[in-house]
Amino acid sequence: MLRILLLLTVLTGCAPVDVNHYKNNTPKLEVKTFFDGKLKASGIVKNRKGEVIRYFSADINAEWKDGVGTLHEVFIFDDDEQQTRIWTLQAINEQTFTASANDVVGESTVHTAGNAMFLQYTLTIPYKDSTIDVQVDDKMYLVNESTLINESSLTKFGFDIGYVTLSIVKL
């Protein structure tokens with residue numbers, strides 16, 4: 001019996017965290033409010049060993065019109081590479097949105113609860129002289145009224161290939 005309990009403890013300890021775990025956390029993340037206006041992001045990219053391999057900053061201009069949110073993001077990396085991503089968000093209800101972007105494959109679903117926002121998607125990124133598709137698991141947490149922390153895990157074929165950590169500040 002003890003072995004079964006230990007096995008169940010190990011297996012449930014490996015289960016992914018659900019966004020609803022944060023439903024009572026404050027401040028409450030209101031997507032349409034936080035992602036409206038000018039925002040600034042700064043972050044790092046780590047390889048699968050956890051070594052920081054890139055730094056970046058981003059200017060984000062966000063607006064909502066007729067129920068559709070547009071986030072225009074311009075990233076500048078430490079090697080002067082520039083990338084632009086334009087997200088389109090549409091509310092399904094107060095806690096759920098569809099999301100798509102110019103370098104994202106297909107449409108994804110944003111889930112929110114309390115101070116948290118989770119999003120999984122396939123991102124096409126530059127790699128050598130071509131591009132590759134990687135799976136991104138974004139977990140975002142509003143820590144105060146103007147600061148959101150985003151942790152992203154990047155995988156390919158189910159293997160971790162990198163991590164991104166960034167803060168987004170509402171200006």
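Being a predicted model, the structure only gives us computed values, none of them experimental.

J.: Give a detailed account of the pairing of strand β9 (residues 130-144), specifying residues and quantitative values.
T.: As paired elements, strand β8 (residues 116-127) and β9 share twelve bridges and run antiparallel to each other. Looking across to β9, one finds that Tyr-127 is bridged to Ser-130. Counting the residues that bridge the hairpin from β8 to β9 gives two residues, and of these Lys-128 lies at a positive phi of roughly 55 degrees. Once β9 ends, the chain turns through two residues before running back antiparallel as strand β10 (residues 147-156).

J.: Outline the pairing of strand β11 (residues 159-170), supporting the account with residue identities and numerical values.
T.: With nine bridges joining them, strand β1 (residues 37-47) and β11 adopt antiparallel strand pairing. Note on β11: the bridge partner recorded for Asn-47 is Gly-162. In this structure, β10 lies alongside β11, joined through ten bridges in antiparallel fashion. Across the sheet, Glu-151 pairs through a bridge with Thr-165, a residue of β11. Between β10 and β11, which pair antiparallel one after the other, the connecting turn spans two residues, and Phe-157 there sits at a positive phi close to 55 degrees.

J.: Kindly report on the nonpolar core, identifying the contributing residues and their values.
T.: Within the largest apolar cluster, 35 residues are counted, with the highest numbers of intra-cluster contacts made by Phe-34, Phe-35, Trp-87, Leu-148 and Ile-168. With five residues, strand β2 (residues 52-65) is the largest single contributor of residues to this core. Not counting residues within four places of it along the chain, the set of residues in contact with Ile-168 comprises Phe-34, Phe-35, Leu-39, Lys-40, Ala-41, Ile-60, Ser-146, Thr-147 and Leu-148. If you look at the next biggest cluster of nonpolar residues, it comprises six residues, including Val-19, Tyr-22, Ala-116 and Tyr-141.

The rules behind the values
Residues numbered from 1 in each chain as written. Predicted model: local features only at pLDDT ≥ 70, side-chain atom pairs only at ≥ 80, totals over all residues. Heavy atoms only, no water. Pairing = 2+ DSSP bridges. Helix = DSSP H or I, 4+ residues; strand = E, 2+ residues; numbered from the N terminus. Core = buried A, V, L, I, M, F, W, Y, C linked by side-chain atoms within 4.5 Å. Buried < 20%, exposed > 50% of the residue type's maximum accessible area, 1.4 Å probe, protein only. Contact = heavy atoms within 4.5 Å.

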